[in-house]
Amino acid sequence: MNEVNIHGGVKWQSPSNIAIVKYWGKSPKAPQIPQNPSVSLTLKNCRTEMAVFYEESDRFGLRFYFDGKENPEFQTKIADFLKSQMSRFPFLNQMDLQINTNNTFPHSSGIASSASSMSALVLCLLDIETSLRGAEESTIDLSEASRLARLASGSACRSLFPKAALWGATEVFNGSSDEYAVSLENDIAPVFKTYHDSILIVSDAKKAVSSRMGHALMDTNPYADTRYAVARQNVADLLTVLRNGDLEQFIHITESEALQLHALMMCSNPSVMLLKPNTLRIINTLYEFRRETDIPVCFTLDAGPNVHLLYPDQHAEMVERFIMDELEPYCHEGQWIADQVGDGPSKC
Ligand code: PMV
């Protein structure tokens with residue numbers, strides 16, 4: 001009898017997400033368990049597209065192409081994760097993989113791609129597993145996808161869900177878990193589903209501090225316990241605000257979280273300063289614009305100097321004009337990315 005050579009390919013796209021209440025600090029209890037719950041909005045335009053081709057072999061092999069070129073740094077990160085998951089996906093032990101991936105956002109944007117790329121990777125793996133089982137339709141268990149994505153990169157576990165997600169156990173939300181994120185799609189007022197995220201690129205430099213190092217600095221941060229208690233309260237308050245559409249409270253929690261993240265970095269040992277003069281110029285100009293217009297636009301920050309402006313679609317024209325007229329001069333080469341809340345990953 002002729003042996004059948006198993007081979008095939010799958011392709012997925014998955015978005016990045018922006019945290020409103022931040023995950024900053026890992027629990028020592030188990031790998032990639034957060035010290036506090038976090039909540040994010042799922043983005044639409046900042047995405048990773050990933051194709052994985054597989055062919056049966058006598059051992060595990062990986063060739064990795066980013067934007068059509070080999071990329072040893074990403075290859076090692078992906079290979080390490082795949083090797084750590086051999087017992088979960090035994091077929092990997094006898095598979096040659098070729099991964100072709102690209103991001104829809106420029107590399108020079110300073111935007112971390114681990115959430116979009118790692119969520120895309122686990123979707124591809126689960127899809128291959130389904131095909132190898134011989135199932136006709138691929139039905140992916142999003143909780144399992146989220147659990148696996150978390151192991152690859154914490155915040156990636158929140159990218160799997162439409163509109164908004166909650167990661168981390170909290171008594172105020174049934175079904176929440178430290179192991180995986182859950183969808184908030186049915187728990188947010190319609191206005192939040194229209195939100196825009198305009199990402200103002202203050203610097204295109206690669207992150208000065210990896211998030212792994214940043215999380216580790218929380219282990220010795222003197223404010224850590226207070227931070228985790230405040231974050232837990234902010235998640236409880238934010239879940240109420242997301243349901244009732246109170247935009248003033250949304251602004252308050254969002255900006256307080258962004259500034260706390262950076263305050264925590266500044267009072268770590270060693271201290272980390274990721275804000276740039278233009279980050280502060282943008283924030284101050286935004287405060288003034290909000291005071292003058294009463295438009296409910298607010299900012300958040302990731303672990304870097306770029307500023308995310310969040311606002312409802314009904315104010316998009318005014319805010320975009322404000323960005324072009326007053327904020328572009330503070331952006332690196334005038335760059336900003338127009339994104340908005342999106343529907344999560346999809347198979348291509
Ligand atoms: O998922 P990580 O380990 O890259 O950490 C993400 C940390 C922040 O982006 C700063 C906050 C968050 O919750 O996404």
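Above: the structure in question.
Residues numbered from 1 in each chain as written. Predicted model: local features only at pLDDT ≥ 70, side-chain atom pairs only at ≥ 80, totals over all residues. Heavy atoms only, no water.

I'm lost on the site of the ligand in this one. Help?
Contacts to the ligand come from 13 residues, most closely from Tyr 23, Ser 155, Arg 158, Ser 211 and Asp 302. In the model, an oxygen atom of the ligand is placed 2.9 Å from a nitrogen or oxygen of the Tyr 23 main chain. A distance of 2.7 Å separates an oxygen atom of the ligand from a polar side-chain atom of Arg 158. For the ligand, the protein covers 92% of the area, taking 380 Å² as the surface of the free molecule. Tallied by class, residues from the shell around the ligand come to 5 nonpolar, 5 polar and 3 charged. (Near = heavy atom within 4 Å. Polar contact = N/O pair within 3.5 Å; in protein donor to acceptor, adjacent residues only side chain to side chain. Areas by Shrake-Rupley, 256 points an atom, 1.4 Å probe, with all protein chains shown as cover. Nonpolar A, V, L, I, M, F, W, Y, C, P; charged D, E, K, R; others polar.)

Looking at this model, I keep getting lost on helix H9 (residues 316-327). Mind explaining?
Owing to its 3.6 residues per turn, the α-helix brings residues three or four apart onto one side. Turning to H9, its buried residues are Ala 316, Val 319, Phe 322, Ile 323 and Leu 327. Down the axis of H9, the buried set is contained in an arc of 130 degrees. They therefore lie on one face. Buried residues along H9 sit against strand E10 (196-200), helix H8 (277-293), strand E12 (307-311) and strand E13 (336-340). (Buried < 20%, exposed > 50% of the residue type's maximum accessible area, 1.4 Å probe, protein only. Helix = DSSP H or I, 4+ residues; strand = E, 2+ residues; numbered from the N terminus. Arc of directions from axis to C-beta. Contact = heavy atoms within 4.5 Å.)

Can you help me understand the pattern of salt bridges in this one?
Note that side chains of opposite charge can pair when their charged atoms are close. Within the structure shown, the criterion is met by 13 salt bridges. Between Glu 144 and Arg 88 there is a salt bridge; the shortest N-O distance is 2.7 Å. Of this pair, Glu 144 sits in helix H3 (residues 142-152) while Arg 88 sits in the loop between helix H1 (72-84) and strand E7 (95-103), and the two are 56 residues apart along the sequence. Salt bridges sharing partners connect three or more residues here, namely Arg 88, Glu 129, Arg 133, Glu 144 and Arg 147. (Salt bridge = Lys/Arg side-chain N within 4 Å of Asp/Glu carboxyl O.)

I would appreciate a short explanation of the pairing of strand E8 (residues 164-167) in the present structure.
Each regular strand shows side chains that alternate between the opposite faces of the sheet. By the alternation rule, side chains of E8 split into Ala 164 and Leu 166 and Ala 165 and Trp 167, which are all buried. Bridging between strand E4 (residues 38-56) and E8 involves 4 bridges; their strand directions are antiparallel. Along E8, the bridge assignment pairs Leu 41 with Ala 164. As paired elements, E8 and strand E9 (residues 181-183) share 3 bridges and run antiparallel to each other. Within the sheet, the bridge partner assigned to Trp 167 lies in E9 and is Ala 181. (Pairing = 2+ DSSP bridges.)

Before we go on, may I ask you to explain the side chain of Ser 14 in this structure?
By secondary structure assignment, the location of Ser 14 is in strand E1 (residues 7-21). For Ser 14, a relative accessible area of 0% puts it in the buried group. A polar contact of 2.7 Å, which involves the side chain of Ser 14, links it to the side chain of Ser 119.

Before we go on, may I ask you to explain the sheet that holds strand E11 (residues 298-301) in this structure?
What holds strands together in a sheet is hydrogen bonding between their backbones, with the strands either parallel or antiparallel. Strands sit in the order E11-E12-E10-E13 across an open sheet of 4 strands; the sheet is antiparallel. The strands lining the two open edges of the sheet, one partner per strand, are E11 and E13. On average, each strand axis in the sheet is tilted by 25 degrees relative to the strand beside it, whichever way the strands run. Across 5 bridges, E10 lies against E12 in antiparallel orientation. Bridge pairing in E12 places Asp 197 opposite Leu 310. Running over the sheet, helix H7 (residues 247-266) touches E11 and E12 and is turned about 30 degrees from E11. Across the sheet, H8 touches E10, E11 and E12, and the angle it forms with E11 is around 160 degrees. (Axes fitted to C-alpha atoms, helices over the stretch in contact; angles between N-to-C directions.)

Just checking my understanding: could you explain unusual backbone geometry for this structure?
It is generally the case that most residues other than glycine have a negative phi and that most peptide bonds are trans. That bond from Asn 269 to Pro 270 is cis: its omega, 0 degrees, falls within 30 degrees of zero. By secondary structure assignment, the location of Pro 270 is in the loop between H7 and H8. Although it is not a glycine, Gln 32 sits at a positive phi angle of roughly 60 degrees. Within the secondary structure layout, Gln 32 lies in the loop between strand E2 (26-27) and strand E3 (33-34). Gln 32 sits in the buried class, given a relative accessible area of 13%. For Lys 163, which is not a glycine, the phi torsion comes out positive at approximately 70 degrees.

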